[in-house]
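Here is how the chains run, residue by residue.
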Amino acid sequence: MSIADNIKSLKNETESIHVTLIAVSKTKSNDDILQAYHAGQRLFGENMVQELVEKHESLPKDIEWHLIGHLQTNKVKYIAQFISMVQSVDSLKLLQEIDKHAGKNNRVIDCLLQVYIADEETKYGLGFDELIELLRSEEFTNLQHIRIRGLMGIATNTENEKQLKDEFYELRTFFEGVKQSFFRKESSFDTLSMGMSSDYKIAIENGSNMVRLGSTIFGQRVIKHWKDN
Ligand SMILES: *Cc1c(COP(=O)(O)O)cnc(C)c1O
């Protein structure tokens, strides 16, 4: 199937159940992205700042870009002007930096707190306790140019469905608890981003309302750099 066909069928599958589809376009060419765009897709996810900035500059301005990869504090300034959402906030320090640059640009930046749920040491994210501590801190309460929209998690890279289900279920339960305890009056705390190509169906069954799909839309990623396309 073509990229356009993939977008159309995935949109059908997700829209009817109120799940937001993020097209993960990392390493993919502008041409591939435009095929998805012309099929109606407007939300795209990238994980590298430089690649994201260059794509933002050369592609249509009504694309909403989500950063889904680890963000270094010294790179926030390059994306603060245009980023729609940072899904990968994993420290108070990063949140403060986003707040500062959002303020300089007179805007409020939507963020998800990334929670560590996988059984792999290589993954980034806040632990449950760490996240609670962050939300309780005075420093957090002082931030004015960020808006926490919800949580994001990446499950273990495994085919064990039981383990995936357990990880997603745990995050969903935690999400509900955090909402009750810290965001009860804020209807904008509404996003639970979990699920990628290999596990998004299990994620949706366990409460996800935002999925981040790359290879299912664009085909397998090759190792070569996006600029060589
Ligand atoms: C690459 C990536 C995805 C998409 O991966 P696919 O397996 O290609 O769907 C989703 N989320 C994050 C955080 C990623 O880095």
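Anything mentioned here points back to the structure above.
For the structure given in this document, a descriptive report is provided here. Because the structure is predicted, anything quoted here is derived from the model rather than measured. Each chain has its residues counted from 1, following the order in which its sequence is written. The predicted nature of this model means local features are confined to residues of pLDDT at least 70 and side-chain atom pairs, given and counted, to a pLDDT of 80 or more, with totals for whole chains, interfaces and linings taken over all residues. Remark: hydrogens and water are excluded; side-chain values derive from all non-hydrogen atoms of the structure.

Neighbouring residues of the ligand: Val24, Lys26, Ile68, Ile154, Met196, Ser197, Arg212, Leu213, Gly214, Ser215 and Arg221. The contact in question runs from a nitrogen atom of the ligand to an N or O atom on the side chain of Arg212, over 2.9 Å. Between N or O atoms, a polar contact is any pair within 3.5 Å; within protein, one atom must be a potential hydrogen donor and the other a potential acceptor, and residues adjacent in sequence are included only when both atoms are from side chains. Within the side chain of Arg221, a nitrogen or oxygen atom sits 2.7 Å from an oxygen atom of the ligand. Areas reported as accessible are Shrake-Rupley estimates using a 1.4 Å probe. Residue values count occlusion only from the protein chains shown. Protein burial of the ligand: of its 380 Å² of free accessible surface, 90% is covered by the chains. The near set for a molecule or strand comprises every residue that places at least one heavy atom within 4 Å of it.

In this section: the pairing of strand 5 (residues 109–116). The buried count for strand 5 comes to 7 of 8 residues, which makes it a mostly enclosed element. Between any two strands, at least two bridges found by DSSP are needed for them to pair. Counting from the N terminus, the helices are the DSSP runs of H or I reaching at least four residues and the strands are the DSSP runs of E reaching at least two. By the bridge criterion, 3 bridges tie strand 4 (residues 85–89) to strand 5 in an arrangement that is parallel. Looking at the pairing, Met85 lines up with Asp110 of strand 5. Looking down the strands as they point away from you, a crossover is right-handed if its path from the first strand over the helix to the second goes clockwise. Crossover strand 4 to strand 5 through helix 5 (residues 92–104) is right-handed. Per-residue accessibility, obtained with a 1.4 Å probe over protein chains only, is compared with the maximum for each type, and a residue is labelled buried under 20%, exposed over 50%, and partly exposed between these values.

To continue, consider the environment of Gln220. Following the sequence through the fold, Gln220 ends up in the segment after helix 10 (215–218). Using a relative accessible area of 66% as the deciding quantity, one classes Gln220 as exposed. For the pair Gln220 and Lys104, spaced 116 residues apart in the sequence, the C-alpha separation amounts to 39 Å. Residues count as neighbours in contact if any of their non-hydrogen atoms are within 4.5 Å of one another. Excluding residues within four positions of it along the chain, Gln220 makes contact with Lys28 and Ser215.

Interpretation note: all reported values are geometric properties and have no functional meaning in isolation.
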